[in-house]
Amino acid sequence: MLRNKRNKLWLIWFVPIVIDICVVSFFGLKYLDFGTEKVYFFNVDYLNNKEFLFVAFTAVSWIISTYFIKFYKIDRYTTDFKILSLLLKQFLLFTLIVYTFIGIFRSVDIQATVTLKYLIISFSIIGVIKLFVQYINRKSAIFLKDNLKEVIIVGNGEGAKELEQLFHSKKELGFKLLNVYNKTNSNHHVSESLRFIEQHVDLDEIYCAIDELAEEEINEFVRLASLNNIQLKFIPEANKHHTKRLIIDYYNYQPILSIKQAALNNEVNQFIKRIFDVVFSVFIIVFVLSWVTIILGLLIKLESRGSVFYKHTRHGINYKPFTCYKFRSLRNVKFPISEQVIEDDTRVTRIGRFIRRTSIDELPQFVNVLLGDMSVVGPRPHMLPYTSAYAKKIDKYEFAYRHMVKPGITGLAQIKGFRGEIKNDEDIINRVKYDIFYIENWSLLLDIKIIVQTFFNIVTGEDKAY
């Protein structure tokens with residue numbers, strides 16, 4: 001509901017920015033004497049007109065500075081104290097910017113006290129406007145019942161009960177609680193909530209008591225929320241330590257956790273990484289996979305009967321299953337799908353042992369990259385039975401965060417030695433640790449570095465490449 005309204009009223013997002021820029025520009029021209037002629041639209045050398053340059057510099061620097069401190073990221077539940085805190089941060093940052101501008105133009109003779117007076121007046125007006133708009137915004141939720149966030153709560157703990165009471169008592173926060181699913185109402189409250197989400201794709205937010213859910217249930221909530229563009233938030237257990245991979249908001253005194261948006265899910269970063277993936281994959285497919293497939297196909301067929309390629313299902317981004325492709329390296333014998341390949345495994349063929357040791361068996365996954373299921377670099381995807389098993393050994397929040405990005409053909413954990421067989425808990429813990437580091441510190445240069453190191457490891461050999 002709310003998302004549709006925002007799409008129709010997208011211009012409202014720009015109104016506060018425009019008003020604030022007008023305020024700081026107007027009072028800047030009013031109080032600061034630049035010693036230049038007034039700005040007109042014609043017959044003025046704008047590049048040498050300090051008043052014009054001040055307005056342009058103010059507008060650009062205001063937009064950039066407010067973006068970095070999230071000055072306009074305010075909801076109905078944002079407290080007045082938080083708004084005042086943002087105003088103070090922006091005041092200090094913008095004060096530095098204004099004094100920098102004056103310092104650049106040494107010919108501008110403006111007293112520091114005059115500049116400070118201009119800044120105090122400007123931010124006082126901006127602060128009054130901001131608090132007044134926030135007051136109106138909260139009251140509109142009560143009287144107009146407009147722009148309400150439609151939400152559901154899944155959980156039975158104290159945190160879920162406090163949140164339910166908060167939504168009912170604080171109408172000014174702008175939440176419309178559609179349903180509460182817990183064990184009191186039904187023994188199948190989780191499955192019923194999932195059905196409700198599937199039937200109400202215009203839902204805005206889901207609040208889950210994560211400590212009451214099994215890993216498979218968390219995966220399904222993450223999948224449905226991602227598929228329908230619904231904000232998924234978690235109600236934590238009281239007094240529990242929270243990982244930095246989560247964003248913590250407070251509704252009154254009730255903490256609410258949201259999975260931190262990964263840098264790789266930023267639209268600009270996604271575009272850059274996708275272009276790199278496509279270009280690199282096309283190069284490998286055309287100049288390597290095209291002739292390697294013919295040679296390996298003959299060798300695989302000569303040694304054992306069966307298909308050249310091996311297809312298996314793995315978990316991708318947001319736990320979405322996809323078909324992953326590899327060159328077949330095992331004999332065509334029946335064995336449990338969850339059984340890992342171990343060192344000196346008798347199922348591995350002679351040609352299979354070579355292509356596994358050199359990672360050539362992974363080359364068909366560049367087709368997965370072109371299809372959009374994978375990336376060249378990212379956390380390695382696990383087979384479905386392994387995902388559930390590994391999740392029991394890892395912090396739930398960190399394991400969910402790992403699945404916020406596309407899996408990769410290679411990754412930071414792989415070049416650090418944590419590839420292949422998981423022999424003990426330490427192996428999967430370290431693998432996830434490096435995956436999280438990669439997600440939080442991603443850059444195109446890091447991708448290139450990992451690819452180069454992967455090639456070097458293939459040439460020199462790896463201990464777990466069997």
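Since the model is a prediction, treat every value here as computed from it, not as a measurement.

A. Inspection of the confidence of the model for the chain at higher detail. When pLDDT is averaged along the chain, the result is 80; 80% of the residues meet or exceed 70. When pLDDT is averaged over each helix and strand of the chain, the minimum, 46, is found for helix H1 (residues 2-8) and the maximum, 96, for helix H11 (residues 365-371). Per-residue pLDDT stays below 50 along residues 4-11; that stretch engages in six contacts with residues further than four places along the chain or on separate chains. Between residues 37-47, whose pLDDT stays under 50, and residues either more than four places distant or in other chains, the model counts 14 contacts.

B. Layout of the pairing of strand S8 (residues 321-327). Here strand S7 (residues 309-315) pairs with S8 via seven bridges, running antiparallel. Within S8, the position partnered with His312 by the bridge is Cys324. Turn length for the S7-S8 hairpin, with the two strands adjacent in sequence and antiparallel, is five residues, and the turn residue Asn318 shows positive phi of about 55°.

C. Main features of a positive patch on the surface. A cluster of basic residues, Lys70, Lys73, Lys82 and Lys89, forms a positive patch on the protein surface. On the secondary structure map, Lys70 appears in the loop between helix H3 (50-68) and helix H4 (80-104).

D. Local environment of the pattern of salt bridges. Counted by the stated rule, this structure contains nine salt bridges. A salt bridge links Lys326 to Glu362; the shortest N-O distance between them is 3.8 Å. Linking Lys326 in strand S8 with Glu362 in the loop between helix H10 (350-357) and H11, this pair joins segments that are 36 residues apart in sequence. For Arg380, the salt bridge identified is with Glu362, shortest N-O distance 3.2 Å.

E. Fine view of the nonpolar core. Grouped together as the largest cluster of nonpolar side chains are 62 residues, with contacts concentrated most on Ile206, Phe221, Phe327 and Tyr438. When residues in this core are grouped by element, the largest group, six residues, is from helix H9 (residues 267-303). If you look at the next biggest cluster of nonpolar residues, it comprises 25 residues, including Ile83, Leu86, Phe91 and Phe94.

F. Local environment of the environment of Ala263. Here Ala263 is to be found in the loop between strand S6 (254-259) and H9. When its relative accessible area of 29% is taken as the criterion, Ala263 is described as partly exposed. With residues up to four places along the chain from it excluded, the contact list for Ala263 reads Asn269 and Ile439.

G. Region of the structure containing H3. Taking 1.5 Å as the rise per residue, H3 with 19 residues should run 27 Å; its terminal C-alpha atoms sit 26 Å apart, in good agreement. Among all positions of H3, only Lys50, Glu51, Leu53, Phe54, Thr58, Ser61, Trp62, Ser65 and Thr66 are buried. Down the axis of H3, the buried set is contained in an arc of 160°. They therefore lie on one face. Those residues of H3 that are exposed and angled more than 90 degrees off the buried face are Val60 and Tyr67. A positive backbone phi angle near 55° is found at Lys70, which sits one or two residues after H3.

The rules behind the values
Residues numbered from 1 in each chain as written. Predicted model: local features only at pLDDT ≥ 70, side-chain atom pairs only at ≥ 80, totals over all residues. Heavy atoms only, no water. pLDDT = per-residue confidence, 0-100. Helix = DSSP H or I, 4+ residues; strand = E, 2+ residues; numbered from the N terminus. Contact = heavy atoms within 4.5 Å. Pairing = 2+ DSSP bridges. Patch = residues over 30% accessible without salt bridge, like charges linked within 9 Å, V, L, I, M, F, W, Y side chains within 5 Å. Areas by Shrake-Rupley, 256 points an atom, 1.4 Å probe, with all protein chains shown as cover. Salt bridge = Lys/Arg side-chain N within 4 Å of Asp/Glu carboxyl O. Lys, Arg positive; Asp, Glu negative; His and termini not counted. Charge placed at Lys NZ, Arg CZ, Asp CG, Glu CD. Core = buried A, V, L, I, M, F, W, Y, C linked by side-chain atoms within 4.5 Å. Buried < 20%, exposed > 50% of the residue type's maximum accessible area, 1.4 Å probe, protein only. Expected span 1.5 Å × (residues − 1). Arc of directions from axis to C-beta.

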